[in-house]
Amino acid sequence: MTVAAAVFDIGGVLERVGPPDFMDKWRRRYADALGLLPDQADRFRADMWVWYCGDLDEPLVDYVRLLRPRLKTGILSNSADGARREEERRYRFSELVDDVVYSHEVGLAKPDPAIFELACRRLDVQPPEVVFVDDVPDNVEAAARFGLQAVLHERTAHTIATIERLVS
């Protein structure tokens, strides 16, 4: 079946995020500062969003931009409340792709097959027509079981080459 869409995770794929122990560092900072002043609380919150949003993987984002209009494009992200606001402000993902599914907004999360079904329905494609890219092996395995052409993202150049192979 021909590939009609490419769907990407955000954290760890379109965004390069810090190591998981980063939040432990900020939790200790918070614990040490019980009774935070308002400006301290604001800095803590800003630091959390800097970590959460990471740095844009510009080569991959540039590639995603080139996929349109050849393919429908989407984002499927397990997310926290506020993610759309912060990521849109920083990266304008809604302008990059045709549809964005944030788990916290739809009440579903990867690896639940229902969220893959929702992403397909919103893009009006069948599972075998979709290339799905994620950095979490469990999510990639679940997507493959659902019928998506699932790609484990480890390196940008390899991910792009894999998508191109699947599309051609």
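The preceding data block contains the structure.
Cut-offs applied
- Residues numbered from 1 in each chain as written.
- Predicted model: local features only at pLDDT ≥ 70, side-chain atom pairs only at ≥ 80, totals over all residues.
- Heavy atoms only, no water.
- Salt bridge = Lys/Arg side-chain N within 4 Å of Asp/Glu carboxyl O.
- Helix = DSSP H or I, 4+ residues; strand = E, 2+ residues; numbered from the N terminus.
- Buried < 20%, exposed > 50% of the residue type's maximum accessible area, 1.4 Å probe, protein only.
- Pairing = 2+ DSSP bridges.
- Axes fitted to C-alpha atoms, helices over the stretch in contact; angles between N-to-C directions.
- Contact = heavy atoms within 4.5 Å.
- Core = buried A, V, L, I, M, F, W, Y, C linked by side-chain atoms within 4.5 Å.
- Polar contact = N/O pair within 3.5 Å; in protein donor to acceptor, adjacent residues only side chain to side chain.

Undergrad: Explain the pattern of salt bridges here, please?
TA: Where charged atoms from two side chains of opposite charge approach closely, those side chains can pair. Summed over all chains, the structure comprises twelve salt bridges. We note a salt bridge from Asp 62 to Arg 65, for which the minimum N-O separation is 3.1 Å. Of this pair, Asp 62 and Arg 65 are both found in helix H3 (residues 58–67), three residues apart, which corresponds to roughly one turn of the helix. Under the relative-accessibility criterion, Arg 65 is labelled partly exposed at 46%. The salt bridge partner of Glu 117 is Arg 121, with a shortest N-O separation of 3.5 Å. Residue Glu 117 and its partner Arg 121 are both found in helix H7 (residues 113–123); the two are separated by four residues, about one turn of the helix. Overall, Glu 117 belongs to the partly exposed group, its relative accessible area being 33%.

Undergrad: Can you help me understand the pairing of strand S6 (residues 130–134) in this one?
TA: Along any regular strand the residues' side chains alternate between the sheet's two faces. Counting buried positions along S6 gives five out of five residues, so the element sits mostly inside the fold. Because side chains alternate across S6, one face comprises the buried residues Val 130, Phe 132 and Asp 134, and the other comprises Val 131 and Val 133, equally buried. Of the strand pairs in this sheet, strand S1 (residues 5–8) and S6 are connected by four bridges, and their pairing is parallel. Bridge assignment links Phe 8 to a residue of S6, and that residue is Val 133. Here S6 pairs with strand S7 (residues 149–152) via four bridges, running parallel. Following the sheet pairing, Val 133 is matched in S7 by Val 151.

Undergrad: It is not clear to me how the sheet that holds strand S4 (residues 72–77) should be interpreted in this structure. Could you clarify?
TA: Each strand in a sheet pairs with its neighbour through backbone hydrogen bonds, running either in the same direction (parallel) or in the opposite one (antiparallel). Read across the sheet, five strands follow the order S5-S4-S1-S6-S7 without closing on themselves; strand pairing throughout is parallel. On the outer flanks of this sheet lie strand S5 (99–102) and S7, each paired with one strand and no other. Put simply, the sheet's adjacent strands are angled 20° from each other on average, direction ignored. Contacting S1, S4, S5 and S6, H7 crosses the sheet at an angle of about 160° to S5. Contacting S6 and S7, helix H8 (residues 137–146) crosses the sheet at an angle of about 165° to S7.

Undergrad: What is the right way to look at the nonpolar core in this model?
TA: One broad rule of soluble globular proteins: the nonpolar side chains tend to lie buried together. Grouped together as the largest cluster of nonpolar side chains are 26 residues, with contacts concentrated most on Phe 8, Leu 14 and Phe 93. At the level of elements, S1, H3, helix H4 (83–91), helix H5 (93–96), S5, S6 and helix H9 (156–167) are the ones that each hand at least two residues to this core. Sorting elements by how many residues they give to this core places H3 first, with five residues. If near-sequence neighbours (up to four positions away) are discounted, Phe 93 is found in contact with Ile 10, Leu 14, Glu 15, Leu 56, Ile 75, Glu 87, Glu 88, Val 100 and Tyr 102.

Undergrad: For this particular structure, what's the right way to read the side chain of Asp 57?
TA: Within the secondary structure, Asp 57 sits in the loop between strand S3 (55–56) and H3. Polar contacts involving the side chain of Asp 57 include one to the side chain of Arg 16, which spans 3.1 Å. Not counting residues up to four positions away in its chain, the partners in contact with Asp 57 are Val 13, Leu 14, Glu 15, Arg 16, His 153 and Thr 156.

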